[in-house]
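Each chain is listed here by its residues.
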Amino acid sequence: MKIIAHRGAPLLAPENTLKSFRLAKESGLVYFELDVHLSKDGQLVVTHDESLKRVTGRDAFVKDLDYKEIFSLDAGEGEKIPLLAEVMKVLGEDTVLNIEIKTDITAYPGIEEKVLSSVKTLWVDWSERVIISSFNFNTLINVRALDETVKIGLLTREFNAEQAERLKAFSLNMSYKRITKDIVNKAKEMGLEVWIYTINNREIFAQMKELGADAVFTDNPYLV
Ligand code: G3P
Ligand code: CA
């Protein structure tokens, strides 16, 4: 099974920061995951929540601040909230990156185009090395409309085969709490990889292996 460094190495350094990604890469992992939002001035900002409160203490939304102001905040241990381009530079082109577009609550018009154009500019081998996912099905439809070849991870709480077909999805991304053997079998029949989040426990890791998962997301790059 592939091991995906979820938000970098958040058990070792503040989540979704350059330090977190550096430490995850130092562990030898090749697969990484991060979350992106758009700042007020249209920059692709790597952080998990719509609000900056939990990570930085600042009670404001990413969408309402220019990146300069977001950059001035402390994301923990003196780390900054980075831009997608910076994280991709730190990871380098010998890695594989799952970019989760966080449009679950906030609409970020044009974010799909920005993500695609960014990865195409930054990584020569982007079509093999980038997987775009989102809980928002319409976001994924927009991604597919913009590019016929990009790998799409259908990130969902309920597996819907029709959605996977429409997207020509590469993978089904689901929680270990919701995945079942039936879903794994159905997804594999359709040629989808099965990627499971977020596993920080060896027992659940073993269960997912038994179920036939292709990859697991973890906060602990040294899980296995
Ligand atoms: O992509 C898998 C996982 O990251 C989705 O949940 O809340 O950690 O972004 P969350
Ligand atoms: Ca995520």
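Residues numbered from 1 in each chain as written. Chains lettered and ligands numbered in written order. Predicted model: local features only at pLDDT ≥ 70, side-chain atom pairs only at ≥ 80, totals over all residues.

1. Quick word on the packing of helix α1 (residues 18–26) against helix α4 (residues 84–91)
At a minimum axis separation of 10 Å, α1 and α4 run at an interaxial angle of 20°. With respect to their mutual orientation, α1 and α4 come out roughly parallel. Once α1 is placed against α4, the crossing between them reads as right-handed. Only Glu86, Val87, Val90 and Leu91 of α4 make contact with α1, whose side of the interface consists of Leu18, Phe21, Arg22 and Lys25. Along the lines of polarity and charge, the residues of the contact of α1 with α4 split into five nonpolar, no polar and three charged. (Axes fitted to C-alpha atoms, helices over the stretch in contact; angles between N-to-C directions. Helix = DSSP H or I, 4+ residues; strand = E, 2+ residues; numbered from the N terminus. Parallel < 35°, antiparallel > 145°, perpendicular 65-115°, else oblique. Left-handed = near helix turned anticlockwise from the far one by under 90°. Contact = placed C-beta atoms within 7 Å. Nonpolar A, V, L, I, M, F, W, Y, C, P; charged D, E, K, R; others polar.)

2. Thoughts on helix α7 (residues 137–146)
Among the residues of α7, those classed as buried are Thr139, Leu140 and Val143. For α7, the buried positions fall inside an angular range of 95° around the axis, keeping them on one side. Opposite the packed face of α7, turned more than 90 degrees from it, sit the exposed residues Asn138 and Ala145. Considering only its buried residues, α7 is in contact with β4 (96–101), α5 (111–122), β5 (130–134), β6 (151–155) and α8 (161–167). (Buried ≥ 20, exposed ≤ 12 C-beta atoms within 10 Å, placed from the backbone. Arc of directions from axis to C-beta.)

3. Points about the nonpolar core
Ranked by size, the top nonpolar core spans 65 residues in total, and within it Phe32, Val36, Val45, Ile132, Leu172, Ile196 and Val216 carry the most contacts. Once residues within four sequence positions are removed from consideration, Val45 is found in contact with Val36, His37, Leu38, Ser39, Val62, Tyr67, Ile70, Ile81 and Leu83. (Core = buried A, V, L, I, M, F, W, Y, C linked by C-beta atoms within 7 Å.)

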